[in-house]
Amino acid sequence: GPGVELFPVTDLTAGVAERVAQPAATRPHLTLGVVTFSEAQAAAVEAAVPGVTVTCVDRAQGEEWDVVVVAVGADPGPADRAGDRRRLNVAITRARQRTEVVSSVTAADLGTGARHLRRYLGSLSGS
């Protein structure tokens, strides 16, 4: 499947903007999308990176891009949501070629409501 890489950052919006600039500069022929876990994160990223498709995971079903930047911040959306696994699955299966997970939180920072997301982040960071 597509390659996946984790990019830990301090500032989520700045970190996403930096990752978005990479493919745009080096592989302009590839399509790029950003998937966030909350509408607030989507709005913040959209403001920081105009011209890039930014969508909340709840609206990303059926979308697909060559490269997807998945933004994981302190607000991973509604807590203790039955859809945690589904939302994670949608977020990480939108890329044809490459998924870049930009996270301002560690697996340990996430609550029990996001256990699948927490497990996924933990597997990427090797913790």
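From a predicted model like this one, the values you see are computed outputs, not experimental measurements. The residue count restarts for each chain, going from 1 along the sequence in the order it is written. At least 70 in pLDDT is required for a residue's local features to be given in this predicted model, at least 80 for side-chain atom pairs to be given and counted, and no such filter applies to totals for whole chains, interfaces and linings, which use all residues. As a rule here, side-chain values come from all non-hydrogen atoms in the structure, and water together with hydrogens is ignored.

Colleague: Whenever I open this one, the environment of Ala-48 confuses me. Can you help?
Modeller: To qualify as a helix, a DSSP run of H or I must reach at least 4 residues; to qualify as a strand, a run of E must reach at least 2; elements of each kind are numbered from the N terminus. Structurally, Ala-48 can be placed in helix H2 (residues 39-48). Since its relative accessible area comes to 38%, Ala-48 is described here as partly exposed. It is 16 Å that separates the C-alpha atoms of Ala-48 and Val-9, two residues lying 39 residues apart in sequence. Partly exposed describes any residue whose relative accessible area lies between the buried limit of under 20% and the exposed limit of over 50%, with all areas from a 1.4 Å probe on protein chains only and scaled to the type maximum.

Colleague: It is not clear to me how the nonpolar core should be interpreted in this structure. Could you clarify?
Modeller: Grouped burial of nonpolar side chains is what soluble globular proteins tend to show. In this structure, Val-35, Phe-37, Val-57, Val-70, Val-72, Leu-117 and Leu-121 are the most contacted members of the largest nonpolar core, which totals 21 residues. Counting only elements with at least two residues in this core, the list comes to strand E4 (65-72), helix H3 (84-92), strand E5 (95-103) and helix H4 (115-125). Residue contacts follow a heavy-atom distance rule, with two residues in contact if any of their heavy atoms lie within 4.5 Å. Setting aside chain neighbours within four positions, we find Val-70 in contact with Val-35, Phe-37, Ala-91, Thr-99, Glu-100, Val-101 and Val-102. Nonpolar cores are built from buried Ala, Val, Leu, Ile, Met, Phe, Trp, Tyr and Cys residues. Side-chain atoms within 4.5 Å join them into one set. Leu-30, Ala-42, Val-45 and Val-102 belong to the second-largest nonpolar core, a separate cluster that totals 16 residues.

Colleague: Help me understand the pairing of strand E2 (residues 32-36) in this model?
Modeller: Residues in a regular strand project their side chains so that they alternate between the two faces of the sheet. Of all five residues that make up E2, five are buried, and the element is covered over most of its length. Burial of E2 is two-sided: the residues Leu-32, Val-34 and Thr-36 facing one way and the residues Gly-33 and Val-35 facing the other way are all buried. Between any two strands, pairing holds if DSSP finds at least two bridges. Here five bridges tie E2 to E4, and the two strands are oriented parallel to one another. Looking across to E4, one finds that Gly-33 is bridged to Val-68. Note: E2 against strand E3 (residues 53-56), four bridges, orientation parallel.

Colleague: Just to check I follow, could you spell out the sheet that holds E3 for this structure?
Modeller: Paired through backbone hydrogen bonds, the strands of a sheet run either parallel or antiparallel to each other. Strand order in the open sheet made by the five strands is E1-E5-E4-E2-E3, with parallel pairing throughout. Only two strands of the sheet have a single partner each, and these edge strands are strand E1 (3-8) and E3. Mean inter-strand twist for the sheet, computed between neighbouring axes without regard to direction, equals 20°. Contacts from H2 reach E2, E3 and E4, with the element oriented near 170° to E3. Working convention: axes come from line fits to C-alpha atoms, limited for helices to the stretch in contact. Angles between N-to-C directions cover 0 to 180 degrees. Against the sheet, H4 touches E1, E4 and E5, its axis set at about 95° to E1.

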